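Understanding the architecture of this molecule
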Amino acid sequence: AGRRRRHGRGRRRRTSGPRRGSRREPEPRAKVPGLDDVDWDLPPEEPEVVEAPSPKPTPKPARKSTRRPTRKPAPEPEARPEAAPEPEPAPEPEPEPEEEDGFDMGIFELEPEPEPVTVEEPEPEPVAEVEAAPEPEPEPVAEAEEPAPEPEPEPEPEPDSDLPQGPRIPQQWMKETWAPSVETRPERREEFVTSSGHAVAPLYVPSRRDPQLFPRSIGFPGEFPFTRGVHGTMYRGRLWTMRQYAGFATATDTNERFKYLLEQGQTGLSVAFDLPTQIGYDSDAPESLGEVGKVGVPIDSLADMETLLDGIPLDKVSLSMTINSTALILQLMVAAIAKKQGVPVDSLRGTVQNDMLKEFVARNTDRFALDAHLRLTTDLFRYSAGNMPRWNMISVSGYHMREAGCTAVQEVAFTLANGIAYVEKAVEAGLDVDDFAGRISFFFGSHNNVLEEVAKFRAARRMWARIMKDRFGATKPKSQMLRFHTQTCGSTLTAVQPINNVVRVAMQALAGVLGGTQSLHTNSWDEALGLPTQESALLALRTQQIIAHESGAADVVDPLGGSPYVEDLTDQIERDAKVYLAKIDELGGAVEAIRSGWVKGEIEAAAYEAQKRIESGDSVVVGVNRHRMEEEAEPDVLLIDEERERGVVSALQEMRTGRDKGRADAAIAALEIAAAWGDADLPGLILECVEAYCTIGEICRSLETVLGGGEG
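Procedures and definitions
- Residues numbered from 1 in each chain as written.
- Predicted model: local features only at pLDDT ≥ 70, side-chain atom pairs only at ≥ 80, totals over all residues.
- Heavy atoms only, no water.
- Pairing = 2+ DSSP bridges.
- Helix = DSSP H or I, 4+ residues; strand = E, 2+ residues; numbered from the N terminus.
- Contact = heavy atoms within 4.5 Å.
- Axes fitted to C-alpha atoms, helices over the stretch in contact; angles between N-to-C directions.
- pLDDT = per-residue confidence, 0-100.
- Parallel < 35°, antiparallel > 145°, perpendicular 65-115°, else oblique.
- Nonpolar A, V, L, I, M, F, W, Y, C, P; charged D, E, K, R; others polar.
- Expected span 1.5 Å × (residues − 1).
- Buried < 20%, exposed > 50% of the residue type's maximum accessible area, 1.4 Å probe, protein only.
- Arc of directions from axis to C-beta.
- Polar contact = N/O pair within 3.5 Å; in protein donor to acceptor, adjacent residues only side chain to side chain.
- Salt bridge = Lys/Arg side-chain N within 4 Å of Asp/Glu carboxyl O.
- Patch = residues over 30% accessible without salt bridge, like charges linked within 9 Å, V, L, I, M, F, W, Y side chains within 5 Å.
- Areas by Shrake-Rupley, 256 points an atom, 1.4 Å probe, with all protein chains shown as cover.
- Phe/Tyr/Trp six-rings, centres within 6.5 Å; stacked < 30°, edge-to-face > 60°.

One open sheet holds the nine strands; their spatial order is E5-E4-E3-E2-E1-E9-E8-E7-E6, and the pairing between them is parallel. Each having just a single partner strand, strand E5 (391-392) and strand E6 (394-397) make up the two edges of the open sheet. Bridging between strand E3 (residues 318-322) and strand E4 (residues 350-352) involves three bridges; their strand directions are parallel. Note on E4: the bridge partner recorded for Met 321 is Val 352. Along the sheet face, helix H5 (residues 251-263) touches strand E1 (241-246) and strand E2 (268-272) and points at about 155 degrees away from the line of E1.

With that settled, consider the confidence of the model for the protein. Across the protein, pLDDT averages 81, with 74% of residues at or above 70. Least confident of the elements in the protein is helix H1 (residues 2-6), whose mean pLDDT is 40; most confident is helix H16 (residues 501-514), at 98. Within the model, pLDDT remains below 50 along residues 126-134, and this stretch shows 33 contacts once partners closer than five positions in the same chain are excluded. This model gives residues 138-146 a pLDDT under 50, and the stretch forms 25 contacts once residues within four places in sequence are excluded.

We now examine the packing of helix H8 (residues 327-341) against helix H10 (residues 370-387). For the pair H8 and H10, the least separation of the axes is 9 Å and the interaxial angle reads 25 degrees. One way to sum up the angle between H8 and H10 is to call them roughly parallel. Taking contact as the criterion, the partners of Ala 327, Leu 328, Gln 331, Leu 332 and Ala 335 in H8 are, on H10, Leu 376, Leu 380, Tyr 383 and Ser 384. Per-class residue counts for the contact of H8 with H10 are seven nonpolar, two polar and no charged.

This part covers helix H22 (residues 661-675). Residues lying three or four places apart along an α-helix face the same way, a consequence of the helix completing one turn every 3.6 residues. Taking 1.5 Å of rise per residue, the 15 residues of H22 would be expected to cover 21 Å, and the 21 Å separating its terminal C-alpha atoms lies within 8% of that figure. Restricting attention to buried positions, one finds in H22 the residues Ala 664, Ala 667, Ile 668, Leu 671, Ala 674 and Ala 675. The buried residues of H22 all sit within an arc of 135 degrees when viewed along its axis, so they share a single face. What points out from H22, more than 90 degrees from its buried face, is the exposed set Lys 661 and Ile 673. Tucked into the core, H22 has its buried residues touching H10, helix H23 (682-691) and helix H24 (696-707). Between a side-chain oxygen at the N-terminus of H22 and the backbone nitrogen of Gly 662 the separation is 3.2 Å; the capping residue is Asp 660.

Now for the pattern of salt bridges. In total, this model carries 36 salt bridges according to the counting rule given. Arg 595 is the salt-bridge partner of Asp 371, the closest N and O atoms lying 3.2 Å from each other. Of this pair, Asp 371 sits in helix H10 while Arg 595 sits in helix H19 (residues 590-595), placing them 224 residues apart in sequence. With its nearest N and O atoms 3.9 Å apart, the salt bridge here joins Lys 583 to Glu 586. You can see Lys 583 and its partner Glu 586 sitting in helix H18 (residues 564-586), three residues apart, about one turn around the helix.

Quick look at a nonpolar patch on the surface now. Together, Leu 529, Val 637 and Leu 639 make up a nonpolar patch on the protein surface, roughly 260 Å² of accessible area in all. By secondary structure assignment, the location of Leu 639 is in the loop between helix H20 (598-616) and helix H21 (642-658).

The next thing to look at is the packing of aromatic side chains. A full pass over the atoms with the stated rule returns 13 aromatic pairs. Relative to Phe 484, the ring of Phe 444 has its centre 5.7 Å away and its plane inclined at 75 degrees; by these criteria the two rings are edge-to-face. Here Phe 444, found in strand E7 (residues 440-446), pairs with Phe 484, found in strand E8 (residues 483-488); they are 40 residues apart in sequence, far enough to count as distant. The exposure class assigned to Phe 444 is buried, which follows from its relative accessible area of 1%. Where Phe 457 meets Phe 484, the ring centres are 5.0 Å apart and the plane angle is 25 degrees; that geometry is what we call stacked. Separated by 27 residues along the polypeptide, Phe 457 in helix H14 (residues 450-471) and Phe 484 in strand E8 bring together distant segments of the chain. For Phe 457, a relative accessible area of 1% corresponds to the buried category.

What follows is the structure in structure tokens.
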């Protein structure tokens, strides 16, 4: 009692560091190869974990007995008998960390940090661990009074604690999700450790969440609602696909860039097409003059696609194509190339964007009427489901809407609304949701606010899982997963002090990784000035590789999960996005909301507000409205000369002369006749046109006579 008064109040137990003397033996478990040195099993509840919320008339001897035999010798009279048989190497103890604010470092313990310094005077026995009380409280005289080494009764939780009383959920996840995931996707390393030698567990959780609430609100990786990731092991098993977006000048130039990036460690290809190809014009069309090869690679016919993919093994490399109006034509060109390479079409891996709804609000590369585009989108769904089951038939894109100026919340809402519309169209066409939903992918931008972007990705995953399960009745887990590609945002890059863009790109890429992306493109620092040079493209790729191998961010699943701020921000984004979805439903769905101009108006208003904040200085852009420099060196910029365009046009005209004109004309005529019938097999007829070396412009003109022209 005297010691209690001298300190002013009862000294509280330290709130971090291991409690070694009181640790109960874990239940026996099967050892996981490569992880035997880490104890994933959470020890049972111990009465000493929770301090009493208020003074109690009767002391708890069990707590007295658990004053740890710390690493520094302490004059404790008696140690717990079970502490001695548990000698553990200093680098890898197996503590149960004690909470301070309702969260600890997780069910899967980290290595303990160096024990905090506590001001303790040598004393024959530890002080009581209850809060200071105005009335005197008897203290146990000696720990020898402990009748049993491990008392059985559980302590009452503190009033502000929701200490789980039920089964330990994490062990169930380890057994049912993590272990099978390791079997199919073994971890990249035998052991993950920090630079200080601390073991890194696969997952960390807020340990005092109610076991019934925690799985529903946050869940576990690889399990519904997939807030924490779509795979149990995430990047511990396999890194994201590093897919650099490339395309310029000619098919030959782009092929060389592809091979260079693959040699440097890129793991997937992403094709950028020029504007004439995106809209469906041949390179020699009047509309194409001055645009050939400027923002991507020109593809006029199967001959150009053969050049583009020459030497690229389609059975080993996945291919992503950012193409929308002409998506069906370009995908069928890839299928035709696979046949020529002897690669089974049903084994092809890749993605076609095929998202026309966002084109009508953000990019305006439409060639046909909106309803006609939706028909072609559904035709591509049907063809992919039957012929290319490993191919992602659509990449529902929020990226371009974000580039046009929408907020993070709007990006989630408008993207998921478009996704709902595509699923509805496919179901109306007679497709079973579980037959195609697993091949729907998404595409998001990543901006500079790292934590907001992480929360955005997590909220989108959770929302889509619930939409697919509750709204469409999808039963397969894969049908409920939101798998997405991330690209760092070009709208955030600056033409002044452009080298600063290296830092912006690195932050945005890290946000994508922390948010659990499946593939990633990092912009080059010079893209605010022109097409990336080979050197800047390589630096962009190296940025991903450094994050993957040097940052430690890929060593743990959902490393920010459980952060009070990130979890709250995730919830906020979900709530606000649901308000937008309700409004879109009220307007008649995404198609009608787009047709009415409401979505475009919302994006434009958000862009206007963002620009006003920059111009007023409320939003700081380094080098633009703060920390400006008077003089800057002019960087080298990649420019496409007019000679390249003339070469492309010449090659196109030569191809037309050399092809079988009769076969090409017959294929085009058959397509035009069939397009007038709503149930015609357009993919099969377009494939015949492609293999007859009809041009993209010829195919689009044929469809346009029946389907109608664009609205944008």
